[in-house]
Amino acid sequence: MSRCRLCDAALHPVVDFGPMPIANGFLTPERFAHEKRFPLEVAMCPACAMVQLVDVVDEAAMFNADYAFFSSTSAGMARHFGRFAADVKRRLPDDPFVVELGCNDGIMLRHFADGRHLGVEPSANVADAARKLGLDVDTRFFTAALADELRQTRGPADAILGANVVCHIPYLDAVFDGVRRLLGPKGVFAFEDPYIGDILALTSYDQIYDEHVYYFSLTAVAKLAARHGLEVIDAERQPVHGGEVRFTLAHRGARPIHARVGELAAEEAARGLGQPATFDAFAAAVAASKDALVKAVRGVDGPLVGYGATSKSTTVLNYCGLGPDDLAYISDVTPTKIGRYAPGSHIPIRAYADFCADPPQHALLFAWNHAAEIVAKEADWRAAGGRFLTYVPRVEWR
Ligand code: SAH
Ligand code: TMP
Ligand code: ZN
């Protein structure tokens, strides 16, 4: 029986996806024979409500100088992080010190470039891109020890930010401990990650992959915060990456609590987000989604290509057993992915220019979280008869 990483209670198993490669491990053919797999299984804790992976991959195997994900490839996300930065600034004093965990290529931190700031970003290639924007970046993993060092050398933080990074860190207790020590008395810790409430509502099981160790609900985050002398002062739904929540935390009693916190807590209680039975229903929906997608893919007349070599696609392709016979290639705009092959399925990744030069009639939309941006961009292709196959929230053609 596996145990909760946070409270040590026995976990309730949810879905076992089978052996999976590293989600962002886009590779060259010489590496095919050396490709490693690990067991991808998600479970929930009936005691503290935290949804989590049972096994985790060593962080240095995922986040290194070869990290494939550059945040700034999406114009929509760049606009989103401009708004996130502006919202944070409203809560800050004069001459604030702002720390961002997992700042990647600087997509959000660049809005704080003029003031005292620090990015903590262990993937050296994306950290270099941030430095080219004039940002100060430390390439170590954020840990409690690093938090202590930063407090001593740079002073207390007025804001600690993180987007799509806090849920990546297995040693979450140590992160919260570090945040408590680095954060000034009135400081805020604002982080946003995929929301388990949306994953359940959309059957977006492809959010589940090695990098995402935790799948947050307010119920679980509030309990974790309380164990570290922190409290949730705001919880805002965000329409990015398929549905996220931005949690804002402060030292207990330091700041007023927004009414949204009580509202979301009540909604989660009504939906049973802390109840094992809710996750049994999700597991059944995931299995049905897989069957429907495989049927739709195998029913396509003519070539099918993938659109967006997302990390999420690794879960879909490997769980559904899809390969180069099903998809001719996957189109992507990221230079570091083009010319490589998708993890596990070994489907070639080709430049978006190839898609434009010889447009297929059918495309499987892996980047469904960017659907609005992509559907607008591909208006001409769709007008000429091009169709997207999607699987979130259900398997259908668009
Ligand atoms: N914030 C960006 C990037 C998210 S990808 C965005 O939302 O688009 C996650 C990033 O977190 C990666 O760049 C990875 O290198 C970084 N990361 C992983 N573990 C970390 C840790 N312990 N401390 C700080 N950053 C970490
Ligand atoms: P993400 O879902 O993790 O943000 O990754 C999106 C991937 O999709 C990334 O590799 C870039 C790619 N992409 C395209 O190829 N075309 C696009 O128009 C968009 C928005 C993303
Ligand atoms: Zn627990």
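Note that this is a predicted model, so its numbers are computed, not measured.

The rules we used
Residues numbered from 1 in each chain as written. Chains lettered and ligands numbered in written order. Predicted model: local features only at pLDDT ≥ 70, side-chain atom pairs only at ≥ 80, totals over all residues. Heavy atoms only, no water. Near = heavy atom within 4 Å. Polar contact = N/O pair within 3.5 Å; in protein donor to acceptor, adjacent residues only side chain to side chain. Areas by Shrake-Rupley, 256 points an atom, 1.4 Å probe, with all protein chains shown as cover. Pairing = 2+ DSSP bridges. Helix = DSSP H or I, 4+ residues; strand = E, 2+ residues; numbered from the N terminus. Salt bridge = Lys/Arg side-chain N within 4 Å of Asp/Glu carboxyl O. Buried < 20%, exposed > 50% of the residue type's maximum accessible area, 1.4 Å probe, protein only. Donors = N, O, S within 2.8 Å, 3.2 Å for Na, K, Ca; no water. Tetrahedral: all angles 85-135°; square planar, octahedral: opposite > 155°, others 65-115°. Phe/Tyr/Trp six-rings, centres within 6.5 Å; stacked < 30°, edge-to-face > 60°. Lys NZ or Arg CZ within 6 Å of the ring centre and 35° of its normal. Core = buried A, V, L, I, M, F, W, Y, C linked by side-chain atoms within 4.5 Å. Domains from an automatic or database assignment.

J.: What exactly am I supposed to notice about the site of ligand 2 here?
T.: In the region of ligand 2, 18 residues are neighbours, and Lys312, Asp332, Lys337, His370 and Lys377 sit closest. At 2.9 Å from an oxygen atom of ligand 2 is found a side-chain nitrogen or oxygen belonging to Lys312. For ligand 2, an oxygen atom lies 2.6 Å from a polar atom in the side chain of Lys377. Protein chains bury 95% of the 490 Å² of accessible surface belonging to ligand 2 in isolation.

J.: Explain the pairing of strand 16 (residues 387-390) here, please?
T.: The pairing of strand 15 (residues 362-365) with strand 16 spans 3 bridges and is parallel. Along strand 16, the bridge assignment pairs Ala363 with Phe388. Both strand 16 and strand 17 (residues 396-397) contribute to a ladder of 2 bridges, which runs antiparallel. In the strand pairing of strand 17, Leu389 is matched with Trp397. Remark: 5 residues form the turn of the hairpin made by strand 16 and strand 17, two consecutive strands paired antiparallel.

J.: Looking at this structure, how should I read the pattern of salt bridges?
T.: Tallied over the entire structure, the rule returns 22 salt bridges. A salt bridge links Arg181 to Asp177, with the nearest nitrogen and oxygen atoms 2.7 Å apart. Placement of the pair is Arg181 and Asp177 together in helix 5 (residues 172-182), with a separation of 4 residues, close to one helical turn. With a relative accessible area of 30%, Arg181 lands in the partly exposed category. Between Arg260 and Asp234 there is a salt bridge, with the nearest N and O atoms lying 2.8 Å from each other. Pair noted here: Arg260 is in helix 8 (residues 259-271) and Asp234 is in strand 10 (residues 230-238), with a separation of 26 residues, a long-range link. With relative accessibility at 31%, the residue Arg260 sits in the partly exposed group. Bridged by salt links that share partners, the residues Asp87, Arg90, Glu192 and Arg246 form one connected network.

J.: Is there a simple way to think about the pairing of strand 2 (residues 38-44) in this case?
T.: Along any regular strand, the residues point their side chains to alternate faces of the sheet. Buried residues dominate strand 2, accounting for 5 of its 7 residues. Pairing geometry for strand 1 (residues 12-20) and strand 2, over 7 bridges, is antiparallel. Paired with Asp16 across the strands is Glu41, a residue of strand 2. Bridge count for strand 2 against strand 3 (residues 51-53) is 3 bridges, and the pairing is antiparallel. Considered in strand 3, the bridge of Met44 is made with Val51. The hairpin formed by strand 2 and strand 3 contains 6 residues between the paired strands, and Ala49 there has a positive phi angle of roughly 70 degrees.

J.: Mind showing me how you'd approach the coordination of the zinc ion (ligand 3) here?
T.: Ideal coordination angles are 109.5 degrees for a metal with four donors arranged tetrahedrally and 90 or 180 degrees for a metal with six donors arranged octahedrally. Bound to the zinc ion (ligand 3) on the protein side are Cys4 (SG), Cys7 (SG), Cys45 (SG) and Cys48 (SG), at distances that span 2.3 Å. Angles of 99 to 118 degrees at the metal separate the 4 donor atoms of the zinc ion (ligand 3), which places the site in the tetrahedral class. In terms of primary sequence, the donors binding the zinc ion (ligand 3) are separated according to C-x2-C-x37-C-x2-C. Of this pair, Cys4 sits in the segment before strand 1 while Cys48 is found in the loop between strand 2 and strand 3, placing the two residues 44 residues apart along the sequence. We note that Cys4, like Cys48, is buried.

J.: What is the right way to read the packing of aromatic side chains from this model?
T.: Here a ring pair, both rings aromatic, is described through the centre-centre distance and the interplanar angle of the planes. Applying the stated criterion across every chain, the model contains 20 aromatic pairs. Measuring from centroid to centroid gives 5.8 Å for Phe191 and Phe216, while their planes differ by 70 degrees, and the two rings are edge-to-face. Here Phe191 is found in strand 8 (residues 183-194), whereas its partner Phe216 is found in the loop between strand 9 (214-215) and helix 7 (218-227), with 25 residues between them in sequence. If you follow Lys312 out to its NZ or CZ, it ends over the ring of Trp368, 5.7 Å from the centre. Cation over ring: Lys377 sits above Tyr352, and NZ or CZ is 4.7 Å from the ring centre.

J.: What is the right way to read the nonpolar core from this model?
T.: Generally speaking, nonpolar side chains in soluble globular proteins are found buried as a group. Ranked by size, the top nonpolar core spans 111 residues in total, and within it Phe17, Phe176, Phe216, Phe247 and Leu249 carry the most contacts. In terms of residue count, helix 9 (residues 276-298) provides more of this core than any other element does, 7 residues in total. For this core, the domains that each give at least three residues are domain 1 (1-301) and domain 2 (302-397).

Remember that the coordinates give geometry; whether it matters functionally is a separate question.
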